Amino acid sequence: MLFPFKIPNVNDFDVVGFGSNSVDHLISVAEYPAFNSKTEITDHFQEAGGEVASTLVGVTRLGFKTAYVGRFGGDPAGTLGLRSLVSECVDITYAETIETAKTQIAFILIDEKSGERTILWQRDRDLAYSVSDAPVEAATRGRVLHLTPHDTAASIEMARAARNAGVIVTTDVDNLFDGLEELLPLVDVCIASSDLPEKLLGIADKRIALRELSVRYGCPLTGVTLGNRGSLFYCRENYIKTSGFDVPGGCVDTTGAGDAFRTGFLFGMLTGRSVEESAAAANAVAALKCRSIGARTGLPRFDELSEFLKNVDK
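The model shown is predicted, which means the values in this text are computed figures rather than measured ones. (Residues numbered from 1 in each chain as written. Predicted model: local features only at pLDDT ≥ 70, side-chain atom pairs only at ≥ 80, totals over all residues. Heavy atoms only, no water.)

A.B. asks: Explain the side chain of Ser-22 here, please?
C.D. replies: By secondary structure assignment, the location of Ser-22 is in strand β2 (residues 22-29). Only 2.9 Å separates the side chain of Ser-22 from the side chain of Asp-24, close enough to count as a polar contact. (Helix = DSSP H or I, 4+ residues; strand = E, 2+ residues; numbered from the N terminus. Polar contact = N/O pair within 3.5 Å; in protein donor to acceptor, adjacent residues only side chain to side chain.)

Laid out in structure tokens, this is it:
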């Protein structure tokens, strides 16, 4: 099935991302600790992460030109986060450093038996964007604007500017935010976590919920990630179910798997693939990411993704 919209052929960037960045403290444990217990960690890593920042790194590795719009604190974590984007050739023209703020951090417990993670995070309020300081110019400079709605009012301004400029708007939604229902009518591709539609609509059946998201808010393409079971999309009165792939060598860490899924889906969109093919690419990138600890370590290059997809199609 073809996408129900046309992506601009040319712009300054292929994808402009607006939203979260983070520095992650990844802690491996033999098994998830019981309440009121002491557990020895088996390893600890500090890596750059964050939903939008990680997705942009993934898209850049696949050969596209990207720009990040977001804020870092004036601390060592902020320096690490900015340098991580520069080293991956993500444009940071619209990235800001708030000297008095602390960069968003996350402490992530990884169960070595399953690779599943539990995230504890904190974001300094001084990193937030308001409507008046939303950098709307940046929103018009990509073929696609990809965002998370943490600063929902600013996201609405960014999405509106993008829409007016003919830019496709995609969003990564994993929780309810004030103003989300005002943002969704400005979104072309809404990819949510598996539990988000029920939280928003009170509808447990995912197929019915995805259709309702599309009808109620006018999103041309709605979808949910389903972990290792793949994904489900609704488009033009059709449901598209794609299965997940086995992680090469076994699942090590699911941190950032959703961000990686968005990477693969954007790759499919930008390369003219169908919705089905884009969903398959999304599942593939997510699987490849899970072979390594951290949100970005396992994100593939173009040749690696192409080889993986070629082999699984055999």
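A.B. asks: Would you mind going over the layout of surface pockets with me for this structure?
C.D. replies: Where empty space is left can be seen by rolling a probe of water-molecule size over the atoms. As a volume, the second largest pocket reaches approximately 160 Å³. For the second largest pocket, the full set of lining residues is Leu-2, Phe-3, Phe-5, Lys-6, Ile-7, Asn-9, Arg-143, Met-269, Leu-270, Gly-272 and Arg-273. Tallied by class, residues from the lining of the second largest pocket come to six nonpolar, two polar and three charged. (1 Å grid on protein atoms, 1.4 Å probe; cavity = no way out; pocket = protein on both sides within 12 Å on 5 of 7 lines; lining within 4 Å. Points joined across faces, edges and corners; volume = space filled by probe spheres on them. Nonpolar A, V, L, I, M, F, W, Y, C, P; charged D, E, K, R; others polar.)

A.B. asks: I tried to follow empty space enclosed by the protein on my own but got confused; where do I start?
C.D. replies: Scanning the entire structure with this criterion turns up two cavities of 30 Å³ or more. Approximately 110 Å³ is the volume attributed to the largest cavity. Lining the largest cavity are 16 residues, and of these Gly-19, Ser-20, Arg-71, Arg-123 and Asp-151 lie nearest its centre. Sort the elements by how many residues they give to the lining of the largest cavity and strand β4 (residues 66-73) lands first, with four residues. For the lining of the largest cavity, the residue count by class is five nonpolar, eight polar and three charged. For the second largest cavity, the calculated volume is near 40 Å³. His-146, Thr-170, Thr-171, Val-189, Ile-191, Arg-262, Phe-265, Leu-266 and Met-269 are the residues that line the second largest cavity. Sorting the residues of the lining of the second largest cavity by element identifies β9 (168-173), β10 (189-192) and α8 (257-270) as the ones contributing at least two each.

A.B. asks: Just checking my understanding: could you explain helix α1 (residues 51-61) for this structure?
C.D. replies: Note: α-helices contain 3.6 residues per turn, so residues at a spacing of three or four share the same orientation. The element α1 is largely enclosed, with a buried count of eleven among its eleven residues. Once α1 finishes, Gly-63 follows within two positions and takes phi at roughly 105 degrees, a positive value. (Buried < 20%, exposed > 50% of the residue type's maximum accessible area, 1.4 Å probe, protein only.)

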